[in-house]
Amino acid sequence: MSTTQIREVKRSARMQVSRGMKTVLAGVIFLYIASAIFAPTSISRVAQMGMLPFAACLAIVGLGQTLVIQQGGIDLSVAGSVSLFVVIVTWGPDRHDDRLIPAVLAAFAAAIITGLINGALVTKTKLNSIVATLGVNSLLYGVMMALSGGSPRRTTDRLSHFTNNKTFGLQHSVYYGIICAVILTILLKRTVIGRRFEAVGANPRAALATGLKVGRYQIGAYVAAQIFYCIAGVILGGVISQPTAYQGDEFVLPSVAVVVLGGTSLLGGRGFPAASALAALFLKQLDMFVLSLGVPYGVRTIVISISLMLGIALYAVNWKAVRSKFGAKGRELQAA
Amino acid sequence: MSRSPLILSNISKSFAGVAALRDVSLEVKEGEIHALLGENGAGKSTLMNVASGTLQPDSGTIEINGEIITALTPHLATSHGLAIVHQHPAVLPDLSIEENIRISVPEEFLLTEGSPAATMRKILDDFGFTANIKDRVETLTIAQQHLLDLAKAFAVNPRVLILDEPTAPLGQESVEILFDRVKKIAKSGTSVVYITHRLAEVRELADRVTVLRDGKWRGVKDIADISDDEIMTLIVGRELESTFPPKHGIKSTDKQFFKVADISGADFQNVSLTANKGEIVGIAGVVGNGQSQLLRAIAGLDKFSGAIEISGEPISSKQLLNKAAYMPSDRHGEGLMMTLSVRENAAVNALSKFTSGLFVSRKTETNVVHASLQSLEVKAPSMDADVSALSGGNQQKIVMSRSLLAEPVLIIADEPTQGVDVGARAEIYKILREVAEKGIPVIVNSSDAKELEGLCDRVYVMSRGHVVSTLEGEDITETKIVAAAVSSTKLKKEEGPTVSERVLRTRKLLRSDFLPPIVLTGMITLLGLFIFSRNNLYFGSYNINAVLGLGTGLGFIALGQTIVLMTGGIDLSVGPASGVLLVVGSFFVNDGKSLPIIIIGFLLMFVVAVLIGIVNGSLIRFAKFTPVAGTLTVYIALIGIGYLLRPAPGGYINATVTDALLAKIGPIPYTFIILAGAAVLFEVLLRRTGWGVRLRASGSNEESARRLGININRTIIGAYIASALFAAVGSVIIMGLIGLGDPAQGTSYTLQSITAVVLGGTSLLGGRGSFIGSLLGSVLMVQVLNACVFLNLSQTWQYMFQGLLIVFAAISYSLTRSGGKK
């Protein structure tokens with residue numbers, strides 16, 4: 001008896017595609033088809049070239065947010081961080097190419113420090129992540145204002161080339177987004193640290209009981225998240241020729257939205273960075289699509305909200321239970 | 001003879017196909033103390049959960065006071081005069097003792113001594129309870145929380161009183177008081193069902209005894225007609241099942257291969273264990289006598305004093321954490337990552353062994369894990385299946401697979417077969433035996449004495465944190481184990497106050513809800529005086545009016561946010577909600593519109609607010625969105641609706657209305673006075689009414705609140721509606737300030753309101769907070785922004801002060817609350 005049952009333990013599949021990925025991918029394909037039919041201008045070359053760099057930046061910010069959410073937290077310091085990093089890489093060099101590298105290094109140093117502060121506040125002093133990152137966000141704005149006084153500066157040529165030069169007709173910024181998503185996916189799914197990172201997020205108590213250093217993984221999430229925000233900030237500094245001092249504001253809630261759409265649970269655990277990144281493309285193209293249809297901003301926003309609601313409902317609602325409930329009823333009706 | 005007050009007939013109940021009760025009947029006569037006996041898992045607690053309406057039986061009838069009740073609920077059971085004290089006390093940690101009593105004890109029982117306060121004091125005094133009724137329950141020890149739960153049950157003078165192992169956490173003095181009370185209440189006519197493991201207690205208290213075994217009824221007897229041995233036979237009953245692997249036969253040369261020398265921790269004292277190579281060590285005893293804590297210490301998870309040696313080498317707590325494999329009894333909470341797959345769970349500790357280069361080799365991992373799962377005969381649909389989809393036995397095997405793959409130096413298993421079916425049990429025993437034979441010491445804690453008899457080479461029986469008996473070889477029998485565990489006279493150390501009265505008082509003040517308002521008032525005053533010393537225009541009536549005006553809008557929204565945070569949720573939608581409501585109002589409340597139209601406009605604002613609250617609450621309670629996700633989607637939708645209604649600012653507000661809203665008395669706006677009144681009113685409602693108690697109860701401990709009969713869905717959805725209504729009031733204030741409909745107004749209030757509430761000392765964990773604190777938090781926020789203007793400081797400082805304020809407030813509240821907690 002047991003021998004037959006042993007064979008039932010099937011081998012692991014070589015490649016796994018998450019439900020979030022499938023959902024978002026289907027959404028993106030459907031959206032592009034709809035765009036082609038109803039609003040062809042939204043998939044014109046000009047429209048796409050204008051949209052994709054911003055989708056890439058949102059994707060990279062979303063990767064960082066994914067890591068924090070995987071640890072059961074939420075990072076509201078995105079706004080202050082991205083704004084600060086954009087200011088550091090544009091204000092610091094002040095259009096002098098030779099000062100760019102030190103500025104970028106300074107931005108990364110600031111990112112690591114910010115991540116450590118966020119992480120320490122959440123894991124060491126046991127603050128709620130919303131409160132901790134809200135406070136740190138204000139501090140980041142303070143630093144940003146101290147540096148720039150709130151008035152923007154033009155980006156340097158070198159940074160502009162770095163992000164806006166094209167290969168195979170696409171801006172480099174788009175490739176950076178893809179590279180970040182691929183690297184993070186590999187780190188999470190294929191390395192010891194990444195695998196344990198997911199385990200800690202899924203159940204910190206169990207992770208502690210098996211002897212994992214839970215605190216380090218949790219602080220690491222906040223630091224790594226800041227590094228991604230910093231990459232996004234640097235790219236944004238190149239993509240926008242004259243960025244504002246509040247460039248990060250528009251990223252906070254969308255970054256949470258793409259993570260949720262990508263299927264990563266706000267309760268923590270397994271993360272789907274590639275799906276988060278693709279969800280960023282979905283949101284930006286959705287925006288573009290609705291914009292091309294000529295509907296007002298209000299409708300665009302409502303459409304985004306509804307797609308978010310559907311996305312979450314797909315994961316949050318126990319559809320199996322709902323199906324069996326209504327399925328059973330359906331059969332009864334048929335029988336009757 | 002009158003009809004028995006509680007008759008359970010032919011009750012059956014299964015969980016996921018496993019029968020917990022099969023055709024069990026129980027009749028409790030008037031005024032008798034009826035002991036319910038049986039081993040762990042015999043079905044005693046399940047039967048009592050059926051009797052109290054917590055569980056619905058699959059079949060059988062429940063008759064209370066001669067009335068057959070088909071669908072019993074906890075509430076219905078209470079109204080029929082049935083009171084139950086569970087093993088885990090149903091108390092709400094964030095509420096005071098007084099509030100906990102009020103939730104369970106109807107007013108009519110609180111007047112016997114004149115005033116409720118005096119009656120409560122009497123209720124507690126009767127149990128030798130010295131704590132102040134205003135103290136929070138979280139400051140009580142576990143034993144005191146049990147006493148509180150007992151006191152509540154006795155206070156309603158029930159017709160049937162069910163006590164589920166009431167003495168387990170109590171000290172000797174309290175046990176005597178309890179016995180005395182039980183005897184008295186039975187004499188007055190109350191029937192008592194007394195669940196216990198201890199025969200001595202049965203002898204002392206019971207009139208009759210019913211024994212359950214494996215979910216089946218074994219017999220009922222008058223206590224005078226049955227000897228202890230006969231009771232034991234009824235409890236133990238079954239023959240040794242042949243599911244156990246042969247014991248370690250050969251006497252090992254490697255004596256005392258594993259040694260635990262005189263270790264002590266918080267819940268166990270002076271425990272010494274030894275094992276020879278190849279042996280399995282059993283830890284026995286009635287649940288809750290320090291066994292689990294001992295295991296955690298040996299696993300390196302808890303602190304201990306004393307020494308542990310493996311094969312002659314001393315091993316530290318830190319090394320143990322890394323090298324020992326711990327299999328916790330709470331498999332779902334602590335054993336497995338339930339949302340991850342079988343493979344991911346099994347591999348997590350051994351991952352570094354599977355690497356080739358930088359990466360985990362998928363091939364090595366799948367091969368090794370597959371081999372391990374096969375050798376443990378795991379039955380799973382696939383290695384990629386979620387571990388939550390497996391049966392209890394197979395889940396336990398995944399824990400074992402994970403432990404073994406990590407090549408541990410020691411295996412510690414806490415209740416390894418709890419919730420595991422018989423077939424898988426045998427396999428788990430076999431695995432443990434094989435591991436032991438390989439020379440890895442195995443320690444097993446089990447409340448099932450039969451299991452220890454079959455499995456172990458050496459059994460240590462614990463009682464009240466001490467080893468009371470060591471059994472070896474032929475002596476390891478279920479009867480001897482149970483006898484040692486139940487007949488022990490070891491007493492639990494009475495928990496006494498170890499800190500001085502003054503320290504206690506300071507602690508109480510630090511944890512009080514009133515500390516944040518006091519601190520905030522101080523800060524607001526100091527900041528005001530400081531700015532005044534730099535700029536004497538500061539206390540000018542123009543400035544005071546401006547600060548309070550801005551603070552009023554934020555203040556109302558923050559009061560709403562406070563209500564939601566109190567339930568342990570969060571409402572991100574308040575900002576855009578106030579924006580949308582402002583826009584709605586701006587279509588009606590204009591110059592030249594008639595009074596009825598203007599009134600309709602205001603009414604509509606509040607109707608829309610109720611709808612917003614219902615959507616938020618329903619997404620969270622019914623569609624199971626997390627509060628952040630649910631209110632975030634509503635947040636985005638509301639921004640859209642705002643812009644849809646009014647793409648650009650417009651709709652000038654009626655001048656009479658704005659004038660009325662801006663009216664002031666001296667420098668103080670009327671609206672601010674209303675806000676202050678509302679904050680005080682809600683502070684009182686929160687502390688004095690059922691609504692306030694239900695609100696805090698849901699946030700404090702949802703499970704306990706449910707058991708106490710609180711409608712959680714209604715309470716929480718109501719909180720979101722209240723929050724949206726406060727946002728509506730806030731939008732009316734904003735209406736006066738800006739004088740037109742602008743959809744962009746409002747969004748910033750979301751984060752500002754959370755900040756203000758946090759400054760006010762309300763915990764994001766739920767259960768406690770203060771409306772007055774939120775009001776002061778709002779004022780301080782606006783004051784800090786205003787201060788920078790007066791001190792000629794740049795915006796940099798506005799942000800810096802805000803950030804520092806949040807971080808320091810949050811840290812200091814978090815520290816003072818955890819301070820002194822065990």
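Residues numbered from 1 in each chain as written. Chains lettered and ligands numbered in written order. Predicted model: local features only at pLDDT ≥ 70, side-chain atom pairs only at ≥ 80, totals over all residues.

## Quick notes on helix 6 (residues 129-148) of chain A
All names here are of chain A. Our working definition: Going along the chain from the N terminus, every DSSP run of H or I of four or more residues is numbered as a helix, and every run of E of two or more is numbered as a strand. Each residue after the first adds 1.5 Å to the expected span of a helix. Every C-beta atom is placed from the backbone, and the number of other C-beta atoms within 10 Å of a residue's own sets its class: buried at 20 or more, exposed at 12 or fewer, partly exposed in between.
In this model helix 6 runs 28 Å from its N-terminal to its C-terminal C-alpha over 20 residues, within 8% of the 28 Å that 1.5 Å per residue would give. By the criterion of burial, helix 6 is predominantly enclosed, with 18 of the 20 residues buried. Positive phi appears at Gly149, one or two residues downstream of helix 6, with a value of about 70 degrees.

## Examining the packing of helix 20 (residues 541-566) of chain B against helix 30 (residues 771-790) of chain B
Residue and element names in this part refer to chain B. As a reminder, the rule being used: Whenever a helix is involved, its axis is fitted only over the stretch in contact; in every case the axis is a line through C-alpha atoms, and angles between N-to-C directions fall within 0 to 180 degrees. Each angle gets one of four labels, with under 35 degrees taken as roughly parallel, over 145 as roughly antiparallel, 65 to 115 as roughly perpendicular, and the rest as oblique. Two helices crossing with the near one rotated counterclockwise from the far one by less than a right angle form a left-handed crossing, whereas a clockwise rotation gives a right-handed crossing. By definition, residues are in contact whenever their C-beta atoms, placed on the basis of the backbone, come within 7 Å of each other. Note on residue categories: nonpolar means Ala, Val, Leu, Ile, Met, Phe, Trp, Tyr, Cys or Pro, charged means Asp, Glu, Lys or Arg, and polar means any other residue, Gly included.
Two elements in contact, helix 20 and helix 30, have axes separated by 8 Å at closest approach and are oriented at 140 degrees. Judged on the interaxial angle alone, helix 30 and helix 20 are oblique. Remark: the crossing between helix 20 and helix 30 carries right-handed chirality. Seen from helix 20, the contacting residues are Val547, Leu550, Gly551, Leu554, Gly555, Ala558, Leu559 and Thr562; seen from helix 30, they are Phe771, Ser774, Leu775, Gly777, Ser778, Val779, Met781, Val782, Gln783 and Asn786. Residue composition of the contact of helix 20 with helix 30, grouped by class: 10 nonpolar, 8 polar and no charged.

## A look at the nonpolar core
Spelled out, the test is: Any set of buried Ala, Val, Leu, Ile, Met, Phe, Trp, Tyr and Cys residues joined through C-beta atoms within 7 Å is what this text calls a nonpolar core. Note: domain ranges come from an automatic or database domain assignment.
Judged by nonpolar contacts, the single largest core of 291 residues is most densely connected at Phe85 of chain A together with Ile412, Leu432 and Val442 of chain B. There are two domains that each give this core at least three residues, and those are domain 2 (258-485) and domain 3 (517-524 + 545-818) of chain B. Setting aside residues up to four positions removed in sequence, Phe85 of chain A forms contacts with Ala107, Ala111, Tyr229, Cys230, Gly233 and Val234 of chain A. Counting 73 residues, the second-largest nonpolar core is a separate cluster that includes Ala77, Ala90, Val160 and Val209 of chain B.

## Section: the sheet that holds strand 20 (residues 442-445) of chain B
Residues and elements named next belong to chain B. Put simply, the rule reads: Any two strands are treated as partners once DSSP identifies two or more bridges connecting them.
Here we have 6 strands laid out as an open sheet, ordered 16-19-20-13-21-22, and mixed in their pairing. Single-partner strands in this sheet number two, and they are strand 16 (324-327) and strand 22 (466-472). Within this sheet the neighbouring strands show an average axis-to-axis angle of 15 degrees, counted without direction. Across 4 bridges, the pairing between strand 19 (residues 410-414) and strand 20 is parallel. What sits directly across from Ile411, in strand 20, is Val442.

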